[in-house]
Amino acid sequence: MTTVDQILFGWAERDHEGNAGVRPVAHSGLRTIDRWAKRLQYVWATQDGQGDQPEAAASLVHLVFEDEAAVLRKLPSRNPHGRGGATLTHVLVGDPRAIDTRLALGLHDWPGWQDREPDGTRGPLTPLDLAGLEQAARPGLAALREETAGIPADQLTTLVARVLADPAEDFSVIARPQLALPMMTALYDIVGPVTGRPWTFAGRESTDKGSHQPRVVFLAARPPQSMYINQRLRVDVGEPPPASETARFAAQLVELYQAAGHPALERIRPYRPLTDAVDVAAWQRSVPVVDGRIADPRPGPDVFLDDALLEQAAARGALVSGQADLEGELRRQPPEWLAAALRRWRPLEQRAVRRRALRDLLVSEAVEAALGGGPDALVHATADAEPPARAVAAAFLRHVPDEGLDLSRAGHRRLLVVALHLGLPAGTLDHGGLFAASPADELLEFVAGHANHFPDAAHLVLRHLADAGQSPDTAQLWYGRGLLLDPVDRIAAGDRAKETDCFRQLLIAAHGPSVDRAAARELVERAGVRAPLGLYAAALELAADDAAQQPIRHELSEQFLRDHGYAGPVTGSAAASAYGTRPHAPVTGSAAHTPTTAPADRPRSAYTHPHTEWAHPATAGAGGPAHRVDPEPARWDTSVPPQRPAHGPVDPYSGSGPQTPPDVGNRRGLDRLGLDGVSLFFLSALVLILVGALGYVVLNSML
């Protein structure tokens, strides 16, 4: 990790040698502290604005030495002992290749600057991370570039013209203090690097005399005359430059900069840094000029809205070479601009057909803008443009955080919905851990709310829910949403295998990979007698044992008999006598999911089919019939007191209680053999004859 050291210069009382004044009062363990104390002994003193407010009078300075560079913030302050007029200087010291002009300018409003001398209430100074400083400097530099629009064009032209006339000189610029840093930013953006000394500066000074002054020193007014021989070029921006080709070129550069910003200047600037006026003249000859203005040789965003600019860029051969420059720039355009461009570049428009690569770039940039939080109007316009599914998937995955989507956060939820609306393939969601940060209730809510529009995506979300593992809370949330019967119906759309898989994922999330008898009983109670067969098929598949299968098989046999006309819907008192207190409609847990019609009025499920299709795996395919199921609920529901027939109660699970009378059992056995009264008579006679014959043979053999 590259670090940057800190030094704090302030007023110090007399030491043991009798020295008093401004010197280092704190630092972060810098080994070259003595060297910096000598280097900055005059810099911290040359500071203007003593009568202004301290923050308004702060001056920013950038210095570069052979092996080290520094950024200084000088602030007039009053020390703890009441001495006024002392300058508090906070210095950041580091590698000159890291602490460059851009970083120094961007740190002008850095919140880490010290604004008072040490008083024991703050901790010691420590080295700073360079990467953190660079990140903090980006918005500060962007803010200064926005402020360049407020610089009078003639004043900026004067400064640029004088610099282009002698690029290697040092300059003292007389300008308003408020314009110092924006003007330095514009000068650096326009002229670029210069061979020799780097662009160092001082933002607000009262004099330009002293050793090792920056290349550009901004003065609020001309300093008084002195005997000091100054080799610097003083530029008063209020005075126009002498008329020359260089001045005209400077005016053209300033006009392009204020119209198109620093990227336009970077595209026309020479590859090699400027050295002298000869390089400036060569640069001037290399730029294209149309009607007295410098034309950007590479296409800008306006080519999508202006056919004339499009044809001009095509005539210069700049569309292909400049396409890469538009990537990243289009998405930063206003949403209204992007929507208008998309409407002009519809797939069948002639310009879109002729320049397919440009249209693809526009659409991909619009996708990035829409996924990045663009308004609904831009999202709809982008969806109408029919972006390629592969482009949507790539952009979506770039926006997904490393920890996955958390659907409880509005931004993450909107990202997913917008991506699906733009045509995100559902298979893109088949990534492990994609919804690891999402709570179960949000996943269920997404399925309930979006199964109609995005059924395949909702199906994959159910798989992620199952991957999260068993949770009693998930079970209650699932039951509270009516077991998601309607959303699963929309996801399956007639596909029985998909319906079963959806309920399988829900059962795994609620009860784990094995459903015990208690969970099966609760499921049947919650689902009711008209639940889809896919739910019971998945429950049978996951049933832990025969005891867990029994209540599920009973419901399946009940549905089979009813669907084939052998049993009608049970309602009213008949339901109470036959089923006890168990409900027959799905128990939803909320009024929003309560059916508006009785179970008997519910239309037959589109997925019901003969019960034999759902035979237990132990018998299916083995040639044997499915297990016989007694349709009496009281035989398995121990929570309801069993009905008492004339011969007493029956409990087939415990083995206790009065048994069936023998004669009744015999009659049931004969009925199963198919024997009537006449057949029984002849059978008895035949048995008697055989017994008599056998006795006769035995008797003769004994005699």
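This structure is a prediction, so every number in the text was calculated from the model and none was measured.

Turning next to the overall build of the protein. Scanning the protein from N- to C-terminus turns up 28 helices and 12 strands. Within the protein, buried positions represent 44% of all 703 residues.

What follows concerns the pattern of salt bridges. Overall, the coordinates contain 26 salt bridges when judged by the stated rule. Among the ionic pairs, Asp307 bridges to Arg351, the shortest N-O distance being 2.9 Å. Taken together, the residues Asp307 in helix α9 (residues 307–315) and Arg351 in helix α13 (residues 350–354) connect sequence positions 44 residues apart. For the salt bridge of Asp456 with Lys498, the shortest nitrogen-to-oxygen distance reads 3.5 Å. Of this pair, Asp456 sits in helix α19 (residues 455–467) while Lys498 sits in helix α22 (residues 496–511), and the two are 42 residues apart along the sequence. Since its relative accessible area comes to 43%, Asp456 is described here as partly exposed. Owing to a relative accessible area of 22%, Lys498 belongs among the partly exposed residues under this scheme. Salt bridges sharing partners connect three or more residues here, namely Arg35, Arg39, Asp67 and Glu68.

Attention shifts here to the nonpolar core. Counting 88 residues, the largest nonpolar core has Phe304, Phe396 and Trp478 as its most contacted members. The contact partners of Trp478, leaving out residues within four places of it in the chain, are Leu444, Leu483, Leu484, Phe503, Leu506, Leu507, Ala510, Leu523 and Leu535. Counting 62 residues, the second largest nonpolar core, distinct from the first, contains Leu105, Ile190, Trp199 and Val237.

Look at helix α6 (residues 245–260) against helix α8 (residues 277–286): their axes get within 11 Å of each other, and the N-to-C directions meet at 55°. Our classification of the angle between α6 and α8 gives oblique. Crossing handedness for the pair α6 and α8: left-handed. For the pair formed by α6 and α8, the contact residues are Glu245, Arg248, Phe249 and Leu253 on the first element and Val280, Trp283 and Gln284 on the second. Here the contact of α6 with α8 is built from residues that sort into 4 nonpolar, 1 polar and 2 charged.

What follows deals with helix α21 (residues 485–492). Turning to α21, its buried residues number three or more, namely Leu485, Pro487, Val488, Ile491 and Ala492. Down the axis, α21 shows its buried residues gathered within 165° of arc, on one side only. Structurally, α21 contributes buried residues whose contacts are with α18 (440–450), α19 and α22.

This part is about the pairing of strand β8 (residues 201–205). When you tally the buried positions in β8, you get 5 out of 5 residues, the bulk of the element. Relative to β8, strand β3 (residues 59–64) is paired through 2 bridges, and the arrangement is antiparallel. Residue pairing for β8: Val61 is matched across the bridge by Ala202. One ladder, built from 3 bridges, connects β8 with strand β9 (residues 216–219); its direction is parallel. Looking at the pairing, Phe201 lines up with Val216 of β9.

With that settled, consider the confidence of the model for the protein. Confidence in the prediction of the protein, expressed as mean pLDDT, is 78, and 74% of residues score 70 or more. Confidence, read as mean pLDDT per element, is least for helix α26 (residues 572–579) in the protein (32) and greatest for helix α5 (residues 180–191) (96). Long-range and interchain partners of residues 48–52, a stretch whose pLDDT sits below 50, account for 12 contacts in this model, where long-range means more than four residues apart. Across residues 570–674 the pLDDT falls below 50, and counting only partners more than four positions away or on other chains, this stretch makes 137 contacts in the model.

Take Leu107: it is sitting in the loop between α2 (101–106) and β6 (128–129). For Leu107, a relative accessible area of 1% gives the class buried. In this structure the C-alpha to C-alpha distance between Leu107 and Arg138, which are 31 residues apart in sequence, comes to 8.4 Å. Setting aside chain neighbours within four positions, we find Leu107 in contact with Leu92, Trp113, Leu133 and Ala137.

Okay, the packing of aromatic side chains next. In this structure the tally under the stated criterion is 5 aromatic pairs. For the pair Trp478 and Tyr479, a centre-to-centre distance of 5.3 Å together with 20° between the ring planes defines the contact as stacked. Exposure class is identical for Trp478 and Tyr479. Each is buried. When the ring centre of Trp36 is taken as reference, the NZ or CZ atom of Arg39 above it lies at 4.8 Å. Between Arg215 and the ring centre of Trp199, over which it is positioned, the NZ or CZ distance is 4.1 Å.

Topologically, Ala457 is positioned in helix α19. Look at Ala457 and you get buried, because its relative accessible area is 3%. For the pair Ala457 and Leu429, spaced 28 residues apart in the sequence, the C-alpha separation amounts to 7.1 Å. Discounting chain neighbours no more than four positions away, the residues touching Ala457 are Leu420, Ala426 and Leu429.

This brings us to the environment of Gly411. Within the secondary structure layout, Gly411 lies in helix α17 (residues 410–421). Judged by its relative accessible area of 51%, Gly411 falls in the exposed class. Taking the C-alpha atoms as reference points, Gly411 and Leu371, separated by 40 residues in sequence, lie 9.8 Å from one another.

What follows covers the side chain of Arg73. Here Arg73 lies in strand β4 (residues 69–77). With near-sequence residues (within four places) excluded, Arg73 lies in contact with Ala58, Ser59, Leu88, Thr89, His90, Trp113 and Gln114.

As a further point, take the packing of helix α23 (residues 517–527) against helix α24 (residues 533–542). Relative to each other, α23 and α24 sit at 180°, their axes nearing to 12 Å. Taken together, the axis directions place α23 and α24 in an arrangement best described as roughly antiparallel. Judged by residue contacts, Leu523, Val524 and Ala527 of α23 engage Leu535, Tyr536 and Ala539 from α24.

Taken as a whole, α8 has its buried residues at Val280, Trp283 and Gln284. Relative to the axis of α8, the buried residues are bounded by an arc of 100° and lie together on one face. In α8, the exposed positions angled more than 90 degrees off the buried face are occupied by Val278, Arg285 and Ser286. Its side-chain oxygen 3.2 Å from the backbone nitrogen of Val278, Asp276 forms the N-cap of α8.

We note that Glu386 has phi near 55°; this positive angle belongs to a residue other than glycine. Turning to its location among the elements, Glu386 is positioned in the loop between α15 (376–384) and α16 (389–399). Glu386 sits in the exposed class, given a relative accessible area of 60%. Phi angles above zero are rare outside glycine, and Ala493 is one such case at about 50°. By secondary structure assignment, the location of Ala493 is in the loop between α21 and α22.

What counts and what doesn't
Residues numbered from 1 in each chain as written. Predicted model: local features only at pLDDT ≥ 70, side-chain atom pairs only at ≥ 80, totals over all residues. Heavy atoms only, no water. Helix = DSSP H or I, 4+ residues; strand = E, 2+ residues; numbered from the N terminus. Buried < 20%, exposed > 50% of the residue type's maximum accessible area, 1.4 Å probe, protein only. Salt bridge = Lys/Arg side-chain N within 4 Å of Asp/Glu carboxyl O. Core = buried A, V, L, I, M, F, W, Y, C linked by side-chain atoms within 4.5 Å. Contact = heavy atoms within 4.5 Å. Axes fitted to C-alpha atoms, helices over the stretch in contact; angles between N-to-C directions. Parallel < 35°, antiparallel > 145°, perpendicular 65-115°, else oblique. Left-handed = near helix turned anticlockwise from the far one by under 90°. Nonpolar A, V, L, I, M, F, W, Y, C, P; charged D, E, K, R; others polar. Arc of directions from axis to C-beta. Pairing = 2+ DSSP bridges. pLDDT = per-residue confidence, 0-100. Phe/Tyr/Trp six-rings, centres within 6.5 Å; stacked < 30°, edge-to-face > 60°. Lys NZ or Arg CZ within 6 Å of the ring centre and 35° of its normal. Polar contact = N/O pair within 3.5 Å; in protein donor to acceptor, adjacent residues only side chain to side chain.

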